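Descriptive analysis of the structure
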Amino acid sequence: MTDDIRRGLPAPPPLGAAALPPGTYGGQVVLVTGGGTGLGKAIAAEFARLGADLLIAGRRAGRLEAAREELAAVPGAGRVAAAVCDIRDPGRVAEVFDAAEASLGPPDVLVNNAAANFPSPAEDLSPNAWRAVVDTTLTGTWFMTREFGRRHLAAGTPGAIVSVGASYAWTGGPGFAHSAAAKAGVKNLVETLAVEWGPYGIRVNGLVPGLFPHADMTEDIRGGLERAAPDAKDARQPALRVGAPRELGWAATFLASPYARFVSGHTLVVDGANWQRRSLVQPEVVPVRDQLGRGPFTPD
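These lines cover the structure that appears in this document, whether it is placed above or below. (Residues numbered from 1 in each chain as written. Predicted model: local features only at pLDDT ≥ 70, side-chain atom pairs only at ≥ 80, totals over all residues. Heavy atoms only, no water.)

Some details on the sheet that holds strand E3 (residues 80-84)
Through backbone hydrogen bonds, the strands of a sheet pair up, either in parallel or in antiparallel fashion. Pairing in this open sheet of 7 strands is parallel, and the strands run E3-E2-E1-E4-E5-E6-E7 from one edge to the other. Both outer strands of the open sheet, E3 and strand E7 (267-270), are each paired with one neighbouring strand and no more. On average, each strand axis in the sheet is tilted by 20° relative to the strand beside it, whichever way the strands run. Contacts from helix H8 (residues 245-255) reach strand E5 (159-164), strand E6 (202-209) and E7, with the element oriented near 165° to E6. (Pairing = 2+ DSSP bridges. Helix = DSSP H or I, 4+ residues; strand = E, 2+ residues; numbered from the N terminus. Axes fitted to C-alpha atoms, helices over the stretch in contact; angles between N-to-C directions. Contact = heavy atoms within 4.5 Å.)

See the structure below:
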């Protein structure tokens, strides 16, 4: 194969295009955690474009309000509300659902997007660092999912849950042991609850993003990308390009939609096949500490 025929995957349709018919989510309430920034906001925007009433939840009031105003201006959007929520607090989670019901109605769709993460050699993770990631990414996702499920079970109504995962739930994640373990738990919850709650009309699916650069990426993650590929992010993807955040939003709106009513217990990876890439000859192993520029391990 020569360079002149390597074009990669075509670019997506433009921002503002919709993957589903207009009004698909008209009259439905969608709750998105971590919806005030980054990929959570991009996902929320595509639900808004299809007519959903939105409640975005997050930990920082200022960013939530800015996002609420931005999402309310999306063509086709319904009502948009925001609520400050630490998803690690089950009491506050219940209050947010109460607030959603009071202002918009009971949520029909839950998108578990909120998570915590930072790179670290496993041996450097303190108990607090481990808990900070696992309690948000796994336990917080469980608290949100549990509250959504219990309310729909009590009411006898159908619902849809989409939980954002990570491909290292399958492969392991050197440098991200805390997050990889938590995301493996999220994937297992998807598969378990899809079976438990399917008889009651509740669908549960997972959604795994690949590389979707956006303005709200943390400095740790951005720094890792720059160390790995300062000028060649596209060349490191089989697609020969990175993802556009709206592409993740289109996938989320499909998974929760009436057009995916026989899809449950599935985790959809949206990364241009990057997580399946393998070399014919594996590159030299570089320890995680070296990749992160850490010195030799010294116990406290």
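Past the structure itself, the notes keep going.
Side note on the packing of aromatic side chains
The final tally for this structure, using the stated rule, is 3 aromatic pairs. Here Tyr 25 and Phe 47 contribute two aromatic rings whose centre-to-centre distance is 4.9 Å and whose plane-to-plane angle is 70°, an arrangement assigned as edge-to-face. Residue Tyr 25 is found in the segment before strand E1 (29-33), and its partner Phe 47 is found in helix H1 (residues 38-49); the two are separated by 22 residues along the sequence. Like Phe 47, Tyr 25 is buried. (Phe/Tyr/Trp six-rings, centres within 6.5 Å; stacked < 30°, edge-to-face > 60°. Buried < 20%, exposed > 50% of the residue type's maximum accessible area, 1.4 Å probe, protein only.)

Focus on the nonpolar core
Grouped together as the largest cluster of nonpolar side chains are 32 residues, with contacts concentrated most on Tyr 25, Val 30, Ile 43, Phe 47, Leu 54, Val 109 and Leu 207. Among the elements of the structure, E1, H1, strand E2 (53-58), helix H2 (61-72), strand E4 (109-112), E5 and H8 are those that each provide at least two residues to this core. Looking at which element gives the most residues to this core, the answer is H1, with 6 residues. The residues touching Val 30, leaving out its near neighbours within four places in the chain, are Tyr 25, Phe 47, Ala 52, Asp 53, Leu 54, Leu 55, Val 109 and Val 111. Counting 24 residues, the second largest nonpolar core, distinct from the first, contains Val 29, Leu 55, Leu 193 and Val 204. (Core = buried A, V, L, I, M, F, W, Y, C linked by side-chain atoms within 4.5 Å.)

Some points on the environment of Ile 56
As for its placement among the helices and strands, Ile 56 is situated in strand E2. Taking C-alpha positions, Ile 56 is 6.5 Å from Ala 81, a pair spaced 25 residues apart along the chain. Sequence-distant contacts of Ile 56, that is, excluding residues within four places in its chain, are made with Val 32, Gly 35, Gly 36, Ala 44, Leu 64, Ala 67, Arg 68, Leu 71, Ala 81, Ala 82 and Ala 83.

Considerations on the pairing of E3
Here E2 pairs with E3 via 5 bridges, running parallel. Looking at the pairing, Leu 55 lines up with Ala 81 of E3. Between E2 and its parallel partner E3, the chain crosses via H2, and the hand of that crossover is right-handed. (Right-handed = clockwise from strand over helix to strand, strands pointing away.)

Describing the side chain of Thr 33
In this fold, Thr 33 is placed in strand E1. A polar atom in the side chain of Thr 33 sits 2.9 Å from the backbone nitrogen of Asn 113. Once residues within four sequence positions are removed from consideration, Thr 33 is found in contact with Ala 57, Ile 87, Val 111, Asn 112, Asn 113, Ala 114 and Met 144. (Polar contact = N/O pair within 3.5 Å; in protein donor to acceptor, adjacent residues only side chain to side chain.)

Concerning the packing of helix H3 (residues 90-103) against helix H4 (residues 127-155)
For any two helices packed against each other, the geometry is given by the interaxial angle and the distance between the axes. One can describe the packing of H3 onto H4 by two numbers: an axis separation of 9 Å at closest approach and a directional angle of 45°. Relative to H4, the element H3 lies oblique. Of the two elements, H3 crosses H4, and the hand of that crossing is right-handed. Taken together, the residues of H4 that come into contact with H3 (itself represented by Pro 90, Val 93, Ala 94, Phe 97, Asp 98 and Glu 101) are Phe 143, Met 144, Glu 147, Phe 148 and Arg 151. Residues of the contact of H3 with H4, tallied by class, amount to 7 nonpolar, no polar and 4 charged. (Parallel < 35°, antiparallel > 145°, perpendicular 65-115°, else oblique. Left-handed = near helix turned anticlockwise from the far one by under 90°. Nonpolar A, V, L, I, M, F, W, Y, C, P; charged D, E, K, R; others polar.)

Details of the side chain of Asn 112
Along the chain, Asn 112 turns up in strand E4. The buried category is assigned to Asn 112, whose relative accessible area is 2%. At 3.0 Å, the side chain of Asn 112 forms a polar contact with the side chain of Ser 163. Asn 112 has contacts with Thr 33, Thr 141, Met 144, Thr 145, Ile 161, Val 162, Ser 163 and Val 164, leaving out every residue within four places of it along the chain.

Thoughts on H2
What sets the pattern is the α-helix's 3.6 residues per turn: residues three or four places apart point alike. Between its first and last C-alpha, H2 extends 16 Å over 12 residues, near the 16 Å set by a 1.5 Å rise per residue. Listing the buried residues of H2 in full gives Leu 64, Ala 67 and Leu 71. The buried residues of H2 all sit within an arc of 70° when viewed along its axis, so they share a single face. Away from the buried face of H2 by more than 90 degrees, exposed residues Ala 61 and Gly 62 are located. The secondary structure elements touched by the buried residues of H2 are H1, E2 and E3. (Expected span 1.5 Å × (residues − 1). Arc of directions from axis to C-beta.)

What about unusual backbone geometry?
Even without being a glycine, Leu 240 presents a positive backbone phi close to 60°. Inspection of the secondary structure puts Leu 240 in the loop between helix H7 (219-228) and H8. The exposure class of Leu 240 is partly exposed, given its relative accessible area of 32%. Phi at Ala 273 is positive, roughly 70°, even though this residue is not glycine. As for its position among the elements, Ala 273 is in the loop between E7 and helix H9 (288-291). Relative accessible area serves as the criterion here: at 35%, Ala 273 is assigned to the partly exposed category.

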